[in-house]
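What follows is each chain in one-letter form.
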Amino acid sequence: MTRLLMIVDVQNDFCEGGALGIEGGHTVAEHIDRYARAHADDYDAIVLTQDFHQPGSDNGGHFADEPDFQDTWPVHCVAGTSGGELHPLIAALSDDLEVIRVRKGYGMPAYSGMEGVIGDPSSGGPTESFAEWVAEHEDVQADVTGLALDFCVQATARDLVAAGARVRVLTDLSAAVHPAASAELLEDLERHGILTGTSDQNTPSA
Ligand SMILES: [Zn+2]
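Residues numbered from 1 in each chain as written. Predicted model: local features only at pLDDT ≥ 70, side-chain atom pairs only at ≥ 80, totals over all residues. Heavy atoms only, no water.

- By the naming in an unreviewed UniProt entry, the chain goes by nicotinamidase and is assigned to Helcobacillus massiliensis.
- Under the heading Pathway (unreviewed entry), UniProt records this for the chain: "Cofactor biosynthesis; nicotinate biosynthesis; nicotinate from nicotinamide: step 1/1." (UniProt positions renumbered as here; feature names shortened; annotations may be inferred.)

Structure, rendered in structure tokens:
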């Protein structure tokens, strides 16, 4: 069994004050920090995903001057900018815990962490597909947290399930762009075979 804690896109631009700030983003970062440190031993790997867009590009139509906040967005999470950095509390996890860094969206829209790579696509160095990494591991069970519940958390959870993983979304460690639609969203997750729960139910993917 391979137990994963997925921490999706907890970045400055997705927290209050950022280019696409989500209300509750800072609080989510604090709660994930506390949870990850307390429960690191419950997991085989902690995966930090990062929306990581190419500078000077609309990233395949992902950025728009008049965004619709569904398919097009203001400029956000550009590689090398402070907005694109992980939230400081999440970045600091890698000082104390072993983490896998996954970057996605370099030159293209990418909501799911499963579209990302292990490594730095802006460096020209080698990268490894995270989806392949998942495929190489047995009986993957993933707890998915982070930002935003209704975009990248949802997409990551759905792709993990499609890849055969058992998946739970920890709703208290996530926040939505459109919180009014959260009931519908949770139904959608459950329809796709994804469990939803809270972090106090702390057996991974139980
Ligand atoms: Zn993006």
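1. What about the packing of helix α1 (residues 25–39) against helix α2 (residues 88–96)?
And step 1. Where α1 contacts α2, the two axes come as close as 9 Å, and the packing angle between them is 15°. The angle between the axes of α1 and α2 places the two elements in the roughly parallel class. You can see that α1 and α2 cross each other, and the crossing is right-handed. Where α1 abuts α2, its residues Ala-29, Glu-30, Ile-32, Asp-33, Ala-36 and Arg-37 lie against Leu-89, Ile-90, Ala-92, Leu-93 and Asp-96. (Axes fitted to C-alpha atoms, helices over the stretch in contact; angles between N-to-C directions. Helix = DSSP H or I, 4+ residues; strand = E, 2+ residues; numbered from the N terminus. Parallel < 35°, antiparallel > 145°, perpendicular 65-115°, else oblique. Left-handed = near helix turned anticlockwise from the far one by under 90°. Contact = heavy atoms within 4.5 Å.)

2. Re the pattern of salt bridges
And step 1. Going through the model one piece at a time under the given rule, you end up with 8 salt bridges.
And step 2. Its salt-bridge partner being Arg-158, residue Asp-188 comes within 3.2 Å of it at the nearest N-O pair. Here Asp-188 is found in helix α5 (residues 182–191), whereas its partner Arg-158 is found in helix α4 (residues 149–162), with 30 residues between them in sequence.
And step 3. For Asp-188, a relative accessible area of 13% translates into the label buried.
And step 4. The partly exposed category is assigned to Arg-158, whose relative accessible area is 33%.
And step 5. What emerges from the salt-bridge pattern is a single network uniting Asp-9, Asp-51 and Lys-104. (Salt bridge = Lys/Arg side-chain N within 4 Å of Asp/Glu carboxyl O. Buried < 20%, exposed > 50% of the residue type's maximum accessible area, 1.4 Å probe, protein only.)

3. Topic: the coordination of the zinc ion
And step 1. Distances from the zinc ion to its protein donors, namely Asp-51 (OD), His-53 (NE2), His-62 (NE2) and His-76 (NE2), fall within the range 2.1 to 2.2 Å.
And step 2. For the zinc ion, the 4 donor atoms in the first shell make angles of 89 to 168° at the metal, so the coordination geometry reads as irregular.
And step 3. On the primary sequence, the residues serving as donors to the zinc ion are separated as D-x1-H-x8-H-x13-H. (Donors = N, O, S within 2.8 Å, 3.2 Å for Na, K, Ca; no water. Tetrahedral: all angles 85-135°; square planar, octahedral: opposite > 155°, others 65-115°.)

4. Quick look at the pairing of strand β1 (residues 2–8)
And step 1. Most of β1 is tucked away: 6 of the 7 residues are buried.
And step 2. Judged from the 7 bridges that link them, β1 and strand β6 (residues 140–147) form a sheet pairing that is parallel. The residue bridging Thr-2 from the neighbouring strand is Val-140, located in β6.
And step 3. With 5 bridges joining them, β1 and strand β2 (residues 45–51) adopt parallel strand pairing. Note on β2: the bridge partner recorded for Leu-4 is Ala-45.
And step 4. Taken together, β1, α1 and β2 form a β-α-β motif whose crossover is right-handed. (Pairing = 2+ DSSP bridges. Right-handed = clockwise from strand over helix to strand, strands pointing away.)

5. Quick look at the sheet that holds strand β3 (residues 99–104)
And step 1. The sheet built from 8 strands is open, its strands ordered β5-β4-β3-β2-β1-β6-β7-β8 with mixed pairing. In the strand order of this sheet, the two ends are held by β5 (128–129) and β8 (195–197), each with one partner.
And step 2. With respect to the sheet, α4 is in contact with β1, β3, β6 and β7 (166–175), its orientation differing from that of β6 by roughly 170°.

6. Focus on the layout of surface pockets
And step 1. The calculated volume of the largest pocket comes to roughly 180 Å³.
And step 2. Taken together, 16 residues line the largest pocket, and the ones lying closest to its centre are Phe-14, Leu-20, Trp-73, Phe-151 and Val-177. (1 Å grid on protein atoms, 1.4 Å probe; cavity = no way out; pocket = protein on both sides within 12 Å on 5 of 7 lines; lining within 4 Å. Points joined across faces, edges and corners; volume = space filled by probe spheres on them.)

7. Concerning the nonpolar core
And step 1. If you look at the biggest cluster of nonpolar residues, it comprises 55 residues, and the most contacted ones within it are Met-6, Ile-7, Ile-90, Phe-130, Val-144 and Leu-160.
And step 2. By residue number, the principal contributor to this core is α4, which donates 6 residues.
And step 3. Those residues in contact with Val-144 that sit more than four places away from it in its chain are Met-6, Val-8, Val-153, Thr-156, Ala-157, Leu-160, Val-167, Arg-168, Val-169 and Leu-170. (Core = buried A, V, L, I, M, F, W, Y, C linked by side-chain atoms within 4.5 Å.)

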